[in-house]
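Commentary on secondary and tertiary structure
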Amino acid sequence: MNKIDRTRSLMMETVFSALFFLVCAALLFRLLGAAYEKSVLTGAKSEALDACRTAIDTLFAADDKAAAAAELGFDANGVLTTERYTLSFEGGSKDNAGGGLYEGSLICTVKGAECFRLPVTLFEEARP
């Protein structure tokens, strides 16, 4: 083998090695980006679940449900929007002789996609 052929072979081998490492680096960066995105999404879901639990506990304990919801940050439509998630109430109330019954769901959405629904049933006794 002459010197020119060896130089060409070495150059080709170097180019293929560089391309292989570039592909590996691109895949690694994509994997790390996906892991980071998954971590951020999981953190938002966890934070939203804690907020749901707090909202439900606060509403169960409150005498004035509307004032308690407003204090938690819910608007008049029953929607709480933060930077990372949105909580909303869906359902309705039924009034009867014993009091009012609210049945519905507390819905969490993160980045526009629904993550979970928690069933909510609140009963408010009629006051004489």
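Read on for an overview of the structure. Here the structure is a predicted model, which means the values were calculated and not measured. Residue positions are given per chain, counting from 1 as you read along its sequence in written order. Per-residue local features are limited, in this predicted model, to residues with pLDDT of at least 70; the limit for side-chain atom pairs, both in listing and counting, is 80 or more; totals at the level of whole chains, interfaces and linings are taken over all residues. Only hydrogens and water are removed before side-chain values are computed, so all heavy atoms of the structure are retained for them.

Concerning the pattern of salt bridges
By salt bridge we mean one thing: a side-chain nitrogen of Lys or Arg within 4 Å of a carboxyl oxygen of Asp or Glu. Tallied over the entire structure, the rule returns 5 salt bridges. Between E90 and R117 there is a salt bridge whose closest N-O contact spans 2.9 Å. Pair noted here: E90 is in strand β2 (residues 86–96) and R117 is in strand β4 (residues 113–125), with a separation of 27 residues, a long-range link. Note on exposure labels: buried denotes an accessible area under 20% of the residue type's maximum, exposed denotes more than 50%, and partly exposed covers the range between, all computed with a 1.4 Å probe on protein chains only. Of the residues examined, R117 reaches a relative accessible area of 38% and is grouped as partly exposed. E114 serves as the salt-bridge partner of R117, at 2.9 Å between the closest nitrogen and oxygen. Relative accessible area serves as the criterion here: at 45%, E114 is assigned to the partly exposed category. Residues participating in the shared-partner salt-bridge network are E90, E114 and R117. The helix count covers DSSP runs of H or I at least four residues long, the strand count covers runs of E at least two residues long, and both are numbered beginning at the N terminus.

Digging into a nonpolar patch on the surface
Like charges are joined within 9 Å and nonpolar side chains (Val, Leu, Ile, Met, Phe, Trp, Tyr) within 5 Å, but only among residues with over 30% relative accessible area and no salt bridge; these make up the patches. For the accessible areas, the method is Shrake-Rupley and the probe is 1.4 Å, while residue cover comes only from the protein chains on display. There is a patch of nonpolar side chains on the surface, built from M11, M12, V15, F16, L19 and L22 and spanning about 640 Å² of accessible area. Structurally, V15 can be placed in helix α1 (residues 3–61).

Here's the deal with the environment of C52
Its location among the elements puts C52 in helix α1. Along the primary structure C52 and G33 are separated by 19 residues, whereas in three dimensions their C-alpha atoms are 29 Å apart. We call two residues contacting when some pair of their heavy atoms lies within 4.5 Å. In this view, C52 contacts L87, L106, F116 and L118; residues no more than four positions away in its chain are not counted.

Let's talk about the pairing of β4
Bridge analysis of strand β3 (residues 99–110) against β4 gives 12 bridges, and the strand direction is antiparallel. Residue pairing in the sheet places L106 in a bridge with L118 of β4. Where β3 folds back on β4, the antiparallel hairpin that results is connected by 2 residues, among which K111 adopts a positive phi of roughly 55°. Following DSSP output, two strands are said to pair if at least two bridges run between them.

Remarks on the nonpolar core
Membership of the largest hydrophobic core comes to 22 residues, with the highest contact counts inside it found for F74, Y85, L87, F89, L106 and C108. Only α1, α2 (65–72), β2, β3 and β4 provide two or more residues apiece to this core. In contact with F89, other than residues within four places in its own chain, are L59, F74, G78, Y102, S105, L106 and V120. Take the buried Ala, Val, Leu, Ile, Met, Phe, Trp, Tyr and Cys residues and link them wherever side-chain atoms come within 4.5 Å; each set so joined is a nonpolar core.

Remarks on α1
An α-helical segment advances 3.6 residues per turn. Residues three or four places apart therefore align on the same side. Multiplying 1.5 Å by the residue count of a helix minus one yields the expected span of that helix. Compared with the 87 Å implied by 1.5 Å per residue over 59 residues, the 87 Å span of α1 between its first and last C-alpha is a close match. All buried positions along α1 are accounted for by A44, A48, A51, C52, A55, I56 and L59.

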